[in-house]
Structure formats: structure tokens, C-alpha cells
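Close look at the chain arrangement
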Amino acid sequence: MPTAVKLLALDTSTEACSVALQIGAERLTLDEVCPQQHSKRILPMVQQLLSQAGIGLSQLDGIVFGRGPGSFTGVRIGVGVTQGLAFGADVPVYGVSTLAAMAQAAHRLHSAEQVIAAIDARMAEVYIASFRLKNGLMLPSSGEVAIKPHDLPVFDIGGEVYAVGTGWQTYEQQLQQKQNAVILNDVLYPSAQDMLSLSLPALAAGQFIAAEHAEPVYVRDDVTWQKLPGR
């Protein structure tokens, strides 16, 4: 009998602080909106869930983190905390897109199959990408970019499209002109529980990496919007 999967996920990339723990089929989740409090809140939240489950860090199969995009400081805190915990416990890590996590939440809560996720990136820009459901997981159908909403091309996605994230709250009018979408007001921030869902295939495929190789993704450097080949 294989032992039950034990995975910890955490995210500090937006105004929210999120931690989730998977033990076999059971999931424990903590989500708090706590701007500027991430460095104070994240470790106590991790400790709370581990204590609740009665396990230690060294018993984990891996630690999953929100790799961005999001606030530079927030993404760095998440990567740093993950590395610190993983080094100490000698467990591997895996980074999940914050935009993909929000798309996954839209599927979990609303059975969405096509989603455009957008985070307000300040400086009149959004971090944005589109996703499509495949085998129960939200997979990217475009690259992730930081872009001014009016510079986006028209998405032109057929069928029902859902919209998640703070970008849709701030720039609803401009984004609706690029793609008519149903805005889900209950998915504003990424949640670590959806990062768990997205990381399980990577764990099974042996794609978790050593903690020192954990890297944030900022996407500010990318200036072009592109559709992924074959999508």
C-alpha cells in the first residue's frame, strides 16, 4: 500500500496569505487577507495546520509555493519561506502559477472550463493569462504577461468564459471589451488549496526540485502576449 501523500502549500503573492495541507484525501486550508502582514502571518499559519494534522515538516513529501506573478515582495517572501522550511526538513519543492491557482478555484467552485485570470499589477497593468480545463486541471492556453488592459489583443474565446482575480475588479470595463466573461467575485486571490490540486501530477511525475532551485516568476520582463503553440 502506498503511503498517503503529505503536501504543504503556501502563497503570499497577493494581499492574501494562504496555507493548505494535504494528508491523503484530507485537506486543511487557511486563507487570510492581510496586506503587508505576510512575513508575520505565514509561519504561524503553517505551524497551525501542521499541529492540527499532528505531523512535522520532515514527514512531508514536498512543499508547494505560489511562484507568481504577484507583488514582488510577496512572491519573494513566499519563495524565501518555502526554501527555509524545505532546507530544514530536507524536502523538495514545486512552484505553481498564482493565475493558474485562481483558474483552478473557478473550476472547483463553479465548474468553470474556460477562465481568464487577472491580478491587478499596479502601474495601470494586469498580470493576465487564459486557461482551459483538461483532465480536471486548469492548463494555460496563453502565456502569462504584465500588460496594460487596453494593449491586450481581443481574446476571442468561444463558449462560456469566466473571469477571476483583482484585475477584473479594477479594469472590468477594459477587460470585458477584450473578452466578454462572467466575473466571479468570490475568486479574488490565489488559494493554496488549488495549488495542491495543480501540483499533485508534478509530484507523481517526480518534477519537484531541490529547494535551492526554487525561483519566483515576475513576468514584468515579458512584453509580448502570445498564444501557446497548438492551443
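Here the structure is a predicted model, which is why all the values come from computation and not from measurement. (Residues numbered from 1 in each chain as written. Predicted model: local features only at pLDDT ≥ 70, side-chain atom pairs only at ≥ 80, totals over all residues. Heavy atoms only, no water.)

Let us look at the packing of helix H3 (residues 98-110) against helix H6 (residues 192-204). It is the contact of H3 with H6, at a shortest axis distance of 8 Å, that shows an interaxial angle of 95°. In terms of axis orientation, H3 runs roughly perpendicular to H6. Side by side, H3 and H6 meet where Thr98, Ala100, Ala101, Gln104, Ala105 and Arg108 of the first sit next to Gln193, Asp194, Met195, Ser197 and Leu198 of the second. The residue inventory of the contact of H3 with H6, partitioned by class, reads five nonpolar, four polar and two charged. (Axes fitted to C-alpha atoms, helices over the stretch in contact; angles between N-to-C directions. Helix = DSSP H or I, 4+ residues; strand = E, 2+ residues; numbered from the N terminus. Parallel < 35°, antiparallel > 145°, perpendicular 65-115°, else oblique. Contact = heavy atoms within 4.5 Å. Nonpolar A, V, L, I, M, F, W, Y, C, P; charged D, E, K, R; others polar.)

The subject of this paragraph is helix H1 (residues 38-53). Here H1 contains 16 residues, and its C-alpha end-to-end distance of 22 Å stays within 8% of the 22 Å for a straight helix at 1.5 Å per residue. Listing the buried residues of H1 in full gives His38, Ile42, Met45, Val46, Leu49 and Leu50. Along the axis of H1, the buried positions cluster into a sector of 130°, meaning they face one direction only. Residues of H1 that are exposed and point more than 90 degrees away from the buried face comprise Lys40 and Gln52. Against strand S1 (6-11), strand S2 (16-23), strand S3 (26-33) and helix H2 (72-89) lie the buried residues of H1. The first or second residue beyond H1 is Gly54, which carries a positive phi of 70°. (Expected span 1.5 Å × (residues − 1). Buried < 20%, exposed > 50% of the residue type's maximum accessible area, 1.4 Å probe, protein only. Arc of directions from axis to C-beta.)

Applying the stated criterion across every chain, the model contains five salt bridges. Notably, a salt bridge pairs Arg41 with Glu32, separated by 2.6 Å at the nearest N-O pair. We classify Glu32 as partly exposed; its relative accessible area is 26%. For the salt bridge of Arg67 with Glu144, the shortest nitrogen-to-oxygen distance reads 3.5 Å. Of this pair, Arg67 sits in strand S4 (residues 62-68) while Glu144 sits in the loop between strand S8 (137-140) and strand S9 (145-147); the two residues are 77 residues apart in sequence, bridging distant segments of the chain. Glu144 gets classed as buried once you look at its relative accessible area, which sits at 17%. Three or more residues are tied together by salt bridges with common partners; here these are Glu15, Asp120 and Arg122. (Salt bridge = Lys/Arg side-chain N within 4 Å of Asp/Glu carboxyl O.)

Any functional reading would require information beyond the geometric quantities listed.
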